[in-house]
Amino acid sequence: MAPRAGQLGLHGLLLVAAALSQPAAPCPFQCYCFGGPKLLLRCASGAELRQPPRDVPPDARNLTIVGANLTVLRAAAFAGGDADGDGDQAAGVRLPLLNALRLTHNHIEVVEDGAFDGLPSLAALDLSHNPLRALGGGAFRGLPALRSLQLNHALVRGGPALLAALDAALAPLAELRLLGLAGNALSRLPPAALRLARLEQLDVSRNALTGLGPDELRALERDGGLPGPRLLLADNPLRCGCAARHLLAWLRNATERVPDARRLRCAAPRALLDRPLLDLDGARLRCAESGADARGEEAEAAGPELEASYVFFGLVLALIGLIFLMVLYLNRRGIQRWMRNLREACRDQMEGYHYRYEQDADPRRVPAPAAPAGSRATSPGSGL
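Read on for an overview of the structure.

Definitions and limits used
Residues numbered from 1 in each chain as written. Predicted model: local features only at pLDDT ≥ 70, side-chain atom pairs only at ≥ 80, totals over all residues. Heavy atoms only, no water. Helix = DSSP H or I, 4+ residues; strand = E, 2+ residues; numbered from the N terminus. Buried < 20%, exposed > 50% of the residue type's maximum accessible area, 1.4 Å probe, protein only. Contact = heavy atoms within 4.5 Å. Areas by Shrake-Rupley, 256 points an atom, 1.4 Å probe, with all protein chains shown as cover. Disulfide = S-S within 2.5 Å. Phe/Tyr/Trp six-rings, centres within 6.5 Å; stacked < 30°, edge-to-face > 60°. Salt bridge = Lys/Arg side-chain N within 4 Å of Asp/Glu carboxyl O.

Moving on, we come to the overall build of the chain. Looking only at helices and strands, the chain has 7 helices and 16 strands in total. Buried residues in the chain amount to 36% of all 384 residues. Within the chain, contacts between residues at least 6 apart in sequence are counted, and of these 59% link residues at least 24 apart. When the accessible surface of the chain is totalled, it reaches about 22900 Å², and 59% of it is carbon and sulfur.

Counted by the stated rule, this structure contains 1 disulfide. Residue Cys240 pairs covalently with Cys266 via a disulfide, S to S 1.9 Å. Looking along the S-S bond of the Cys240-Cys266 disulfide, the torsion reads about -100°, which is the left-handed sense. Remark: Cys266 occurs in strand β14 (residues 266-268) and Cys240 occurs in the loop between β13 (238-239) and α5 (245-253); sequence separation between them is 26 residues. For Cys240, a relative accessible area of 0% puts it in the buried group.

Considering all chains together, one arrives at 2 aromatic pairs under this definition. With a centroid separation of 6.0 Å and an interplanar angle of 10°, the aromatic rings of Phe78 and Phe116 are classed as stacked. Separated by 38 residues along the polypeptide, Phe78 in the loop between β4 (72-73) and β5 (100-102) and Phe116 in the loop between β6 (110-111) and β7 (124-126) bring together distant segments of the chain. Accessibility assignment for this pair places Phe78 and Phe116 in one class, buried.

Right, let's talk about unusual backbone geometry for a bit. Trans is the prevailing form of peptide bonds, just as negative phi is the prevailing case for residues other than glycine. Cis geometry marks the peptide bond from Ala268 to Pro269; its omega dihedral reads -5°. With respect to the helices and strands, the residue Pro269 is situated in the loop between β14 and β15 (285-286). Even without being glycine, His129 reaches a positive phi, approximately 60°. Its place among the elements puts His129 in the loop between β7 and β8 (134-135).

The next subject is the pattern of salt bridges. Scanning the model with the defined rule gives 8 salt bridges in all. A salt bridge links Glu175 to Arg177; its shortest N-O distance comes to 3.3 Å. For Glu175, a relative accessible area of 24% puts it in the partly exposed group. When its relative accessible area of 18% is taken as the criterion, Arg177 is described as buried. Linked through salt bridges whose partners overlap, the residues forming this network are Glu175, Arg177, Arg198 and Glu200.

Following this line, the structure appears as structure tokens:
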């Protein structure tokens, strides 16, 4: 019985070893798998990859495609069926566990409606550094679990039409927490982004925002005392004039909601160039008169900052005067000697002038007047 039990135990171990040694799902062509396909896939860059790979393992959690030439993300590009087929054929769920999708630097210009259908678990999507020109209003409609969307440096070339499409595309993302729109030359905040009820952070740094108006600031607040989203605003060309009073007051009341508030600096007017916004006095910000500048450039009236500069200038002059007096004190003996020599030289010079004056004024040294010519002739009776 003992040998038979040993054989059964050995047979069980062999079955377990065979089960554990089953090969994992292969990596897709031109992709690398790290820690197994279900953990991380990174697809190699290259012009040959013109659409997302179709043979990604269904248990993949993270997919990264960087530096490819995708150009167009068609409808259901990551769903089951043929990516080039119609919606009915591509309605399947092929990657039910995919949690993070990174598609940066892929030359993507068009994202069609439903491009991300079939990704019910996707929580993070990164489309940064793509030259987007067209975005379908339903591009993100199949992402009910999306928490993070990064579109940094991706909207510059699309113009106003792309920004309008972005408003429509953001509308269904009710669970979105993080939205990255940095480096897109935005001159205003997307209205749809301000209406996202669960948004926790909005990154609009490195854009073309000259300020935030009262309506935008009100839209950043939440009803019922709920905390509003954090806002990243650094590296925007802020105009520090009368229109900036609302933003300045809001920043001072909600500094913790703007982590980079200390990095906000003025780009106009010239008098306030590169001045920190939080260091300004909001009550002294005024709009320039219309005749002063056709563009209505704004300036700040002279205030405590200017007075402080005058005080500093006065202190510098006082320090220079103190150094000069110290130099005089340390060289007092030499200065006294120089003054004594100068006084003696002046005295000698004055004595010389006085002597010559006395010589010129002595009557004995006045020469006799010359006799007339006829007075030298003698008379005939003189005997001479």
